[in-house]
Amino acid sequence: MKEELYKKAVTVLENNWKDSFSIPCANLYPFQWKWDSGFIAIGFAHFDMPKAQKEIETLLDAQWENGFIPHIIFHTDNDSYFPGPNFHRSDLHPLSSKKYKSTGMTQPPVIGFVLEDMYKISKEKNESLKYIETVIDKVFFNHQYFYSKRDPQNEGLVYIYHNWESGTDNSPIWDDIWATMNPPEYTFERRDTTHVDASERPSKREYDHYLHIIEIAKEHNYSDEKIAELSPFLVQDPLFNAMLIKSNESLINLYTLIGGNADKIEQLEKWQQKGKASFNAKLYDEEIGAYIHYDLRNEKPLRFLSSSSFAPLFANIPSQEKAAKMVDVMMDKFGGEDQYLCASFDPTSDRFNPKKYWRGPVWINLNWLLFYGLKNYGFNDISNRVKKDSIEMIEKNGFFEYFDSRKEIHTDGKAGYGGNHFSWSAALLIDMLNN
Ligand code: GLC
């Protein structure tokens, strides 16, 4: 065990804790983010279970009356972030939280499997299960929201309507969608580039697209039906859907431990069957040898390899045979000796940029998913390399938000980018060091 590093990770989490929730990092992200909270809770579970539980409780407290859970919860009036609460206007939706201001979009549904991980990590299983009983129905309700509101063709696959819902905000995959749009030029003052080098962040024109999608949703008070009908961005994302499927599986396991709840388990199993079948039929690309995104608005596959392409390993979606093919593709394109695993976008593509936000750098949360996903299928050596690479990047540079995938850049400790003292990099390192 790397004790020094472990201690530093604990300090990062403790400093980002704000009484009832955590921020991803100071300045750049001063509020609570949905999937960050899930990863952070896994880190806390290893040394401070009450904080892990509170983190999730606070997030779920911001759930809307229709089951929706927002991607950012604006707990404070902090104007260091754009677009803030007055831009997003969650109050426009009739069922939004009366207690918290938030965005009107969501993020990958990780909370189901986070609860199961917290249970597995806990040394007091009875207490842990009692806690889970107090929150699990909210997570189930959230999944009901997804399947009833975001699956217009009834496929068992849900859509995202904004790139910020994907979690992989600036992926080059979205370039194909921006090419179908021509948004107005908005006037606004960005805050991200006052905290972080502009070369590591999206461009002004890219922001126009992001804002435009939100404006359309706001014009219709964030109505799911209208968004499904009108949003220029409507995508079935393999990472997002894999998180939902993994969380379904965890809810089944947890409800089984709790006992009763036969109707919910039955419902979850139906979603699983249908979801996994459609996932393999629609999102697996034989020629590429991995999973891809599907543009539901323009009815066309988006045929690119990214770290999201491999996330289904985490949710036991591919067969062993498909998994073996995927791992070959991953090692061939992403796994060269000169690269750290795993770049967020195909290093052999001309859209690859190893310094820029989701267009190439390595992210610890995707690595964490791969670490477990590869283990699921018995690829232990590669799984261990993902862990070793993650530790090495953090040791050399610090707890950054993302890292250059090119090993040669890691010589002077400046290959970590975006925010520093970043919560999920610390939390998931703690978890990997314990495994
Ligand atoms: C960035 C990431 C997103 C994350 C957020 C807060 O926007 O793209 O995935 O949740 O930062 O860390």
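We now turn to the structure provided with this report.

## Let's talk about the overall build of the chain
For step 1, the next point in the chain: Regarding its fold elements, the chain presents 17 helices and 10 strands.
For step 2, the next point in the chain: Computed over C-alpha atoms, the radius of gyration of the chain comes to 20 Å, within 12% of the 22 Å expected from 2.2 N^0.38 for 435 residues, which places it in the range of a compact globule.
For step 3, the next point in the chain: When the backbone C-alpha atoms are referred to their principal axes, the chain occupies close to 55 × 50 × 45 Å.
For step 4, the next point in the chain: Sorting the 435 residues of the chain into buried and exposed places 66% on the buried side.

## Observations concerning the packing of helix 5 (residues 111–121) against helix 6 (residues 125–149)
For step 1, the next point in the chain: At a closest axis distance of 9 Å, the pairing of helix 5 and helix 6 adopts a crossing angle of 175 degrees. By the angle between their axes, helix 5 is roughly antiparallel relative to helix 6. From helix 5, I111, G112, L115, M118, Y119, K120 and I121 reach across to helix 6, where they touch K125, S128, L129, Y131, I132, V135, I136 and V139.
For step 2, the next point in the chain: When the residues that make up the contact of helix 5 with helix 6 are grouped by side-chain class, the tally is 11 nonpolar, two polar and two charged.

## Quick word on the site of the ligand
For step 1, the next point in the chain: Around the ligand, a shell composed of 13 residues is seen, among which D36, G167, D169, Y357 and W358 lie nearest.
For step 2, the next point in the chain: Measuring from an oxygen atom of the ligand, one finds a side-chain N or O atom of Y357 at 2.8 Å.
For step 3, the next point in the chain: At 2.8 Å, a side-chain N or O of W358 approaches an oxygen atom of the ligand.
For step 4, the next point in the chain: Starting from 310 Å² of accessible surface for the ligand in isolation, the protein chains cover 98%.
For step 5, the next point in the chain: Taken together, the residues of the shell around the ligand break down into eight nonpolar, two polar and three charged.

## A look at the pattern of salt bridges
For step 1, the next point in the chain: In total, this model carries 30 salt bridges according to the counting rule given.
For step 2, the next point in the chain: Its salt-bridge partner being K120, residue E116 comes within 4.0 Å of it at the nearest N-O pair. In this pair, E116 and K120 are both assigned in helix 5, four residues apart and thus about one turn of the helix distant.
For step 3, the next point in the chain: Relative accessible area serves as the criterion here: at 54%, K120 is assigned to the exposed category.
For step 4, the next point in the chain: The partner of R303 in a salt bridge is D285, with the nearest N and O atoms 2.6 Å apart. Of the two residues, R303 sits in the loop between strand 8 (300–302) and helix 14 (320–333) while D285 sits in strand 5 (residues 284–285), which places them 18 residues apart along the sequence.
For step 5, the next point in the chain: By relative accessible area, D285 is classed as buried at 8%.
For step 6, the next point in the chain: Put simply, E185, K204, R205 and D208 are held in one network by salt bridges that share partners.

## Remarks on the packing of aromatic side chains
Two aromatic rings are characterised by how far apart their centres lie and by the angle between their planes.
For step 1, the next point in the chain: Counted according to the given criterion, the structure contains 44 aromatic pairs.
For step 2, the next point in the chain: Ring centres of F310 and F334 lie 5.3 Å apart, and the angle between their planes is 85 degrees; this geometry places the pair in the edge-to-face category. Here the residue F310 occupies a position in the loop between strand 8 and helix 14, and F334 occupies one in the loop between helix 14 and helix 15 (364–376), the gap between them amounting to 24 residues.
For step 3, the next point in the chain: Since its relative accessible area comes to 0%, F310 is described here as buried.

## Some words on the side chain of Q272
For step 1, the next point in the chain: Of note, Q272 is situated in helix 13 (residues 262–283).
For step 2, the next point in the chain: With residues near it in sequence (within four places) discarded, Q272 still touches I245, N248, E249 and I252.

## What about the sheet that holds strand 1 (residues 32–33)?
For step 1, the next point in the chain: Overall, antiparallel pairing links the three strands, which are arranged 1-2-3 in an open sheet. Edge strands, defined here as strands with exactly one partner in the open sheet, are strand 1 and strand 3 (101–102).
For step 2, the next point in the chain: The pairing of strand 1 with strand 2 (residues 72–74) spans two bridges and is classified as antiparallel. Residue pairing in the sheet places W33 in a bridge with I72 of strand 2.

## Comments concerning the environment of E55
For step 1, the next point in the chain: Position of E55 among the secondary structure elements: in helix 3 (residues 49–61).
For step 2, the next point in the chain: Placed 19 residues apart in sequence, E55 and F74 show a C-alpha to C-alpha distance of 14 Å.
For step 3, the next point in the chain: Not counting residues up to four positions away in its chain, the partners in contact with E55 are W17, S20, F21, S22, Q32, S37, I40, A41 and F44.
For step 4, the next point in the chain: A polar contact of 2.7 Å, which involves the side chain of E55, links it to the side chain of S22.

## Looking at helix 6
For step 1, the next point in the chain: Helix length check: helix 6 (25 residues) gives 35 Å between terminal C-alpha atoms against 36 Å at 1.5 Å per residue, within 8%.
For step 2, the next point in the chain: Maximal helix bending in helix 6 amounts to about 40 degrees, located at T134.

## Digging into unusual backbone geometry
For step 1, the next point in the chain: The residue after F82, namely P83, is reached through a cis peptide bond having omega -5 degrees.
For step 2, the next point in the chain: Along the chain, the position of P83 falls in the loop between strand 2 and helix 4 (85–88).
For step 3, the next point in the chain: Its identity as a non-glycine residue notwithstanding, N154 has a phi of 55 degrees, on the positive side.
For step 4, the next point in the chain: Examined against the element boundaries, N154 turns out to sit in the loop between helix 6 and helix 7 (163–166).

Cut-off values and rules
- Residues numbered from 1 in each chain as written.
- Predicted model: local features only at pLDDT ≥ 70, side-chain atom pairs only at ≥ 80, totals over all residues.
- Heavy atoms only, no water.
- Helix = DSSP H or I, 4+ residues; strand = E, 2+ residues; numbered from the N terminus.
- Rg over C-alpha atoms; globule rule 2.2 N^0.38 Å.
- Buried < 20%, exposed > 50% of the residue type's maximum accessible area, 1.4 Å probe, protein only.
- Axes fitted to C-alpha atoms, helices over the stretch in contact; angles between N-to-C directions.
- Parallel < 35°, antiparallel > 145°, perpendicular 65-115°, else oblique.
- Contact = heavy atoms within 4.5 Å.
- Nonpolar A, V, L, I, M, F, W, Y, C, P; charged D, E, K, R; others polar.
- Near = heavy atom within 4 Å.
- Polar contact = N/O pair within 3.5 Å; in protein donor to acceptor, adjacent residues only side chain to side chain.
- Areas by Shrake-Rupley, 256 points an atom, 1.4 Å probe, with all protein chains shown as cover.
- Salt bridge = Lys/Arg side-chain N within 4 Å of Asp/Glu carboxyl O.
- Phe/Tyr/Trp six-rings, centres within 6.5 Å; stacked < 30°, edge-to-face > 60°.
- Pairing = 2+ DSSP bridges.
- Expected span 1.5 Å × (residues − 1).
- Bend = angle between axes of the 7 residues up to and from the residue.

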